[in-house]
Amino acid sequence: MFPANFGYVAARSIDEALQLMAKHGEEGKLLAGGHSLIPAMKLRLQSPQTLIDLATVPGLRGVSVDGNNLVIGALTVHTDVASSDLVRKHLPGLAEAASVIGDVQVRNRGTIGGSVAHADPAADLPVILTALNATLVVQSPSGSRAIAVDDFFTDFYTTAMNANEILTEIRVPLPGAGSGTAYAKLPHPASGYVVVSAAALITRQSSGTCTSARIAIGGLGSGPIRAIATEMDLQGKPLTLQIIAAAAAKAAEETDPVEDSYASVEYKRHVATVFARKAIAAAVERAAK
Ligand SMILES: Cc1cc2nc3c(=O)[nH]c(=O)nc-3n(C[C@H](O)[C@H](O)[C@H](O)COP(=O)(O)OP(=O)(O)OC[C@H]3O[C@@H](n4cnc5c(N)ncnc54)[C@H](O)[C@@H]3O)c2cc1C
């Protein structure tokens, strides 16, 4: 399939990209890695008249530490997130999630900002970023604003960003001492996208008692689902294998999967339990180191 004819313009700064967005309005579309947008254009699901390329804007790519946050530029490709020493050291769960996206080609071109802005319910990064309590920083002609990840994914392929905003960076709080992060995914055997995934950020005392938890489940709703009752329930509990298994089952119960051509509700809940257990157990193990 070929896309409909379109124009292309390479932005040289965020300001220029914002001006181009204002000029082209609904007929313009931001281009990052193109690994979701171009397939959609080939299928004629989207037919923008002009692509505004962000890959040519300097300063939007890279990983750094700013105070208590890890800051990831929106144009940072999945490979760079997965292989970043900073990410691997502080947030191994995020490196894990970025490393299991698609294949090498997708990871070398696709960007963290594109993935988050696209808000595919079967994407990996929204799930781990939800568990990590990330903040999404967006810029419009009137300035920038920060959106908490819990408010960001509003529906299937829909976010809290306005049409005149560009996602510029993702800020992730650096977990404190005694914290561990992890991501576990059942990929679709053909596409590699998420069937079910789970992400966890667990903080524990040296005694092994859980002090806080954030758990997100992917693939079972319009976006990541936080298992809030399970998070509360874990607080103050010893993180034994039994408690982790019970928490995983409870987290799966907090989802509301629908049957589709791939799987029944029972199967999806079962897989959610298995992968939530993997993610929580791995996060607990890392927290103990
Ligand atoms: C074969 C294949 C397999 C894949 N497998 C997986 C997988 O297993 N897991 C997974 O999570 N993903 C997967 N993907 C998707 C991949 O991760 C994409 O790279 C990602 O979803 C989109 O990132 P992008 O940089 O390519 O964005 P683009 O395709 O360029 O853009 C996507 C959308 O986001 C908008 N956008 C992009 N950047 C910004 C920005 N900074 N601010 C505002 N809006 C912006 C664009 O306008 C567009 O609407 C796969 C893709 C392919 C082709």
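Let me sum up the structure you'll find in this document. Every chain is numbered on its own, with residues counted from 1 as its sequence reads. Per-residue local features are limited, in this predicted model, to residues with pLDDT of at least 70; the limit for side-chain atom pairs, both in listing and counting, is 80 or more; totals at the level of whole chains, interfaces and linings are taken over all residues. Note that the side-chain values use all heavy atoms of the structure and ignore hydrogens as well as water.

1. Quick word on the pairing of strand E2 (residues 28–31)
So, step 1. As paired elements, E2 and strand E3 (residues 50–53) share four bridges and run parallel to each other. Bridged to Gly28 within E3 is Thr50.
So, step 2. Note on the crossover from E2 through helix H2 (residues 37–42) to E3: the handedness is right-handed. The pairing criterion is simple: DSSP has to find at least two bridges between the two strands. Only DSSP runs of H or I reaching four residues or more are called helices, and only runs of E reaching two or more are called strands; each is numbered from the N terminus. Looking down the strands as they point away from you, a crossover is right-handed if its path from the first strand over the helix to the second goes clockwise.

2. So, the site of the ligand
So, step 1. A single heavy atom is enough: if one lies within 4 Å of a molecule or strand, its residue is considered near that molecule or strand. In the vicinity of the ligand there are 30 residues, among which Leu30, His35, Leu37, Thr111 and Asp124 approach most closely.
So, step 2. Any N or O atom pair separated by 3.5 Å or less is treated as a polar contact, with the protein-specific requirement of one donor-capable and one acceptor-capable atom, and with residues adjacent in sequence counted only for side-chain atom pairs. For the ligand, an oxygen atom lies 2.8 Å from a polar atom in the side chain of Ser36.
So, step 3. Separating an oxygen atom of the ligand from a side-chain N or O atom of Lys185 is a distance of 3.2 Å.
So, step 4. Relative to its unbound accessible surface of 980 Å², the ligand loses 90% to contact with the protein.
So, step 5. If you list the elements that add at least two residues to the shell around the ligand, you get E2, helix H7 (112–118) and strand E10 (166–173).
So, step 6. Among the elements that take part in the shell around the ligand, H7 stands out by supplying four residues, more than any other.
So, step 7. Tallied by class, the residues present in the shell around the ligand amount to 14 nonpolar, 13 polar and three charged. Each accessible area value is a Shrake-Rupley result obtained with a 1.4 Å probe; residue values ignore everything except the protein chains displayed when judging cover. Under the grouping applied here, Gly and all other residues not named as nonpolar or charged are polar, the nonpolar ones being Ala, Val, Leu, Ile, Met, Phe, Trp, Tyr, Cys and Pro and the charged ones Asp, Glu, Lys and Arg.

3. With respect to the environment of Ala279
So, step 1. Note on placement: Ala279 falls in helix H12 (residues 265–287).
So, step 2. The spatial distance from the C-alpha of Ala279 to the C-alpha of Asp85 is 21 Å, given a sequence separation of 194 residues.
So, step 3. Here Ala279 is in contact with Ala182, Ala184, Ala198, Ala199 and Ala200, once residues within four sequence places are set aside. We call two residues in contact when some of their heavy atoms are within 4.5 Å.

4. Notes on a nonpolar patch on the surface
So, step 1. A residue counts toward a patch only above 30% relative accessible area and without a salt bridge, and it is joined to like-charged neighbours within 9 Å or, for Val, Leu, Ile, Met, Phe, Trp and Tyr, to nonpolar neighbours within 5 Å. Salt bridge, as used here: a side-chain nitrogen of Lys or Arg that lies within 4 Å of a carboxyl oxygen of Asp or Glu. Taken together, the side chains of Met1, Leu43 and Leu45 make up a nonpolar region of the molecular surface, amounting to roughly 390 Å² of accessible area.
So, step 2. Considering the arrangement of structural elements, one finds Leu43 in the loop between H2 and E3.
So, step 3. Only protein chains enter the accessibility calculation, which uses a 1.4 Å probe; a residue whose area is less than 20% of its type maximum is buried, one above 50% is exposed, and one in between is partly exposed. When its relative accessible area of 53% is taken as the criterion, Leu43 is described as exposed.

5. Comments concerning helix H11 (residues 241–253)
So, step 1. The span you would expect from a helix comes to 1.5 Å times its residue count less one. In a regular helix each residue adds 1.5 Å, so 13 residues correspond to 18 Å; H11 covers 19 Å between its end C-alpha atoms and thus fits that length.
So, step 2. Within H11, the full set of buried residues consists of Ile244, Ala247, Ala248, Ala251 and Ala252. What you see down the axis of H11 is that its buried residues fit within an arc of 135 degrees, all on one side. For H11, exposure combined with an orientation more than 90 degrees from the buried face picks out Gln242 and Glu253.
So, step 3. In this fold, the buried residues of H11 make contact with strand E13 (210–218), helix H10 (228–234) and H12. Directions pointing from the helix axis toward each C-beta atom define the arc.

6. Notes on the pattern of salt bridges
So, step 1. Per the counting criterion, the structure on display carries twelve salt bridges.
So, step 2. With a closest N to O distance of 3.5 Å, Asp233 and Lys237 form a salt bridge.
So, step 3. Of the charged contacts, one joins Asp260 and Lys268 as a salt bridge, the two residues approaching to 2.8 Å between their closest N and O atoms.
So, step 4. Several salt bridges converge on common partners, so that one network encompasses Asp150, Arg214, Arg226 and Glu231.

7. A word on unusual backbone geometry
So, step 1. Even without glycine at this site, Asn133 takes up a positive phi of about 60 degrees.
So, step 2. Looking at where Asn133 falls in the secondary structure, it is placed in the loop between helix H8 (125–131) and strand E6 (135–140).
So, step 3. With a phi angle near 50 degrees, Tyr157 is a residue other than glycine that sits in the positive phi range.
So, step 4. Considering the arrangement of structural elements, one finds Tyr157 in the loop between strand E8 (153–155) and strand E9 (158–159).
So, step 5. On the basis of relative accessibility, which here comes to 45%, the residue Tyr157 falls in the partly exposed class.

8. Things to note about the side chain of Ser197
So, step 1. Along the chain, Ser197 falls in strand E12 (residues 194–204).
So, step 2. On the basis of relative accessible area, Ser197 is assigned to the buried category, the value being 0%.
So, step 3. For Ser197, the side chain forms a polar contact with the side chain of Tyr183, separated by 3.0 Å.
So, step 4. Filtering out sequence-adjacent residues up to four positions away, Ser197 remains in contact with Val127, Tyr183, Ala184, Lys185, Ala216, Ile217 and Gly218.

9. Here we look at the sheet that holds strand E1 (residues 7–10)
So, step 1. Ordered by their spatial adjacency, three strands build an open sheet running E1-E3-E2, and the pairing between neighbours is parallel. Every other strand in the sheet has two partners, leaving E1 and E2 as the edge strands with one partner each. For this sheet, the mean angle separating the axes of adjacent strands, direction not counted, is 25 degrees.
So, step 2. The strands that helix H1 (residues 14–24) touches are E1, E2 and E3; relative to E3, the one it contacts most, it runs at about 170 degrees. Simply put, an axis is a line fit to the C-alpha atoms, just over the touching stretch for a helix, and the angle between two N-to-C directions goes from 0 to 180 degrees.

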